[in-house]
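Structural overview for review
Single-letter residue listing:
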Amino acid sequence: MFLLDPETGAENRLLAETSPALALKGDNPRLIDEWQVVPSLWDAVRGSVDARGETGLYLLTRSTSVDRDKMQHSGAGRISTIKMGTMSLYESGDSTGEVSLSDLFDGAKEIYGHTDKGVEDVAYLVVRGGWPKSIGKSEDAAFRAVRAYCKRIVESDIAELEDKRRDPDRAKEILQSLSKAVSEPLVKRNIIKDIEAHGKTTVTEKTLDDYLKAFRRMYLLDEVHAWNPNLRSKASTRTTDIVHLCDPAVAASFMGASSKSLLSDLGTLGLLFESMVVRDLRAYTQRMGGEIYHYRDSDGLEADAVVHLNDGRWGVVEVRLGSNRVDEGADSLLKLSEKVDTKGMGKPSFLAVVTATKTAFTRPDGVHVIPLACLRD
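Worth saying up front: this structure is predicted, and the values here are computed from it rather than measured. Residues take numbers from 1 onward in each chain, read along the sequence in its written order. Where local features are concerned, this predicted model is filtered to residues with pLDDT of at least 70; where side-chain atom pairs are given and counted, the filter is 80 or more; whole-chain, interface and lining totals use all residues. Excluding hydrogens and water, the side-chain values take into account all heavy atoms of the structure.

In this section: the side chain of Arg128. Its place among the elements puts Arg128 in helix α5 (residues 119-128). Throughout this description, a polar contact denotes any pair of N or O atoms lying within 3.5 Å of each other; where both atoms belong to protein, one of them has to be capable of donating a hydrogen while the other can accept it, and for residues adjacent in sequence the pair is counted only when both atoms sit in side chains. Within the local environment of Arg128, its side chain forms a polar contact with the side chain of Asp94, the two groups lying 2.9 Å apart. Should any heavy atoms of two residues lie within 4.5 Å, those residues are counted as being in contact. Dropping the residues within four chain positions of it, Arg128 is found in contact with Ser92, Asp94, Ser134, Ile135, Ala142, Val146 and Ala249. Numbering of helices and strands starts at the N terminus; helices are DSSP runs of H or I of at least 4 residues and strands are runs of E of at least 2.

Structure, rendered in structure tokens:
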């Protein structure tokens, strides 16, 4: 059942609102898309699951968050929630999968792999994005699809949030500014200054907070939170979130960047590549039961991604676009591993520099060098 389908949506919504139980009738598993527009369906599903005592009966999908006040039950014990993102390179067939994140956590000491994808291919993959319909398409076709998605976000999707009306032009300008800040700390005053310098509107911090909250509800803004381990030193950890959007192609689109222009601006390509690494690590880590964090401290030491599993194991990743900065990334990882107090949380399962190079290998110091196009869960 599709509740926002242009042809049948109105009729389906009327049925769901009038008789939620009747809307669940049909073969199982039954898919109900954009169920959040009729929140009472959640409680109807919970009741049906209780009555039937079976699993795998319903698939409830939504593209925005839901007003929990309109739901009587949390669904705990009956309904499992999975956050879906765009496809990783392994899922889209663009990674060889020769290096397994699971194997690294399980103690793999030596790795090897090779991909034929270099920086030029990575620039294309950044612009293409991870939507299934873009796989195998030309850059122009993929770019048009992403641009249409971004246009829909600012012209209609944000207006469908029920709490208030928001201005499409302001939404676009905020997203353009956020796109420039991808893989960087979310500093609100910098976003506001950028909008004032390049936009047609002005934004207060209160207004910016409102739009950021809306983008989170739409699963568009997906920051990485700070990791706060026990340290041997007196350095204090920075708590500012790092900006990431649901897919680096969204940021590229709002910046008007093509693969050709990114190859002429390796600094921007590096930031978008880092965001793609975070996207893929999130996909792989979710299946393993864990979260992605970042690390920054008052001594200037940083780590682009800390992969922390629910069982307490952890590994650290630095992202470097080319081979010329791998030594720098490895040095940062080794310094962090020495700084963390491992008595209470154990030693890192692995240290890795993820790159846009072509060969995966393990350095003499134990740091793994992994092309993103060789990685899988």
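Continuing now.
Attention shifts here to the sheet that holds strand β9 (residues 350-355). The eight strands are arranged β4-β10-β11-β9-β8-β7-β6-β5 in an open sheet whose pairing can be described as mixed. The open sheet terminates on both sides in strands that have one partner only, identified here as β4 (113-114) and β5 (225-226). A pair of strands counts as paired when DSSP detects no fewer than two bridges linking them. Examined bridge by bridge, β4 and strand β10 (residues 359-362) share two bridges and lie antiparallel to one another. Paired with His114 across the bridge in β10 is Thr359. Every axis corresponds to a line fitted to the C-alpha atoms, with the helix fit spanning only the stretch in contact, and the corresponding angles, defined between N-to-C directions, vary from 0 to 180 degrees. Packing against the sheet, helix α12 (residues 266-288) makes contact with β6 (290-296), β7 (302-309), β8 (314-320) and β9, and its axis sits at approximately 140 degrees to β6. Strand contacts of helix α13 (residues 326-339): β6, β7, β8, β9 and β11 (368-371), with the helix running at about 155 degrees to β9, the strand carrying the most contacts.

Here, the term nonpolar core denotes a set of buried Ala, Val, Leu, Ile, Met, Phe, Trp, Tyr and Cys residues that are joined through side-chain atoms within 4.5 Å. Burial status follows relative accessibility: with a 1.4 Å probe on protein chains alone, a residue under 20% of its type maximum counts as buried, one over 50% as exposed, and anything between as partly exposed. Judged by nonpolar contacts, the single largest core of 75 residues is most densely connected at Leu178, Phe215, Leu220 and Phe273. Setting aside chain neighbours within four positions, we find Phe273 in contact with Val122, Val126, Val319, Arg320, Leu321, Val354, Thr355, Ala356 and Leu372. The next biggest cluster of nonpolar side chains, apart from the first, holds 19 residues, and it includes Leu231, Ala303, Val306 and Met345.

The next subject is the packing of aromatic side chains. Pairing of aromatic rings covers Phe, Tyr and Trp, the last through its six-membered ring, and needs centres within 6.5 Å; plane angles under 30 degrees mean stacked, over 60 mean edge-to-face, and all others mean tilted. Scanning all chains against the criterion turns up five aromatic pairs. Residues Phe105 and Phe350 carry aromatic rings whose centres are separated by 5.1 Å and whose planes lie at 85 degrees to one another, so their mutual orientation is edge-to-face. In this pair, Phe105 sits in helix α4 (residues 101-105) while Phe350 sits in strand β9, placing the two residues 245 residues apart along the sequence. Each of the two residues, Phe105 as well as Phe350, counts as buried. Consider the rings of Trp131 and Tyr149, whose centres lie 5.3 Å apart with planes at 55 degrees: the pair is tilted. On the criterion of sequence distance, the pair formed by Trp131 in the loop between α5 and α6 (139-157) and Tyr149 in helix α6 is long-range, its members being 18 residues apart. Look at Tyr149 and you get buried, because its relative accessible area is 18%. Taken together, the ring pairs in this structure connect Trp227, Tyr295 and Trp314 into an aromatic cluster.

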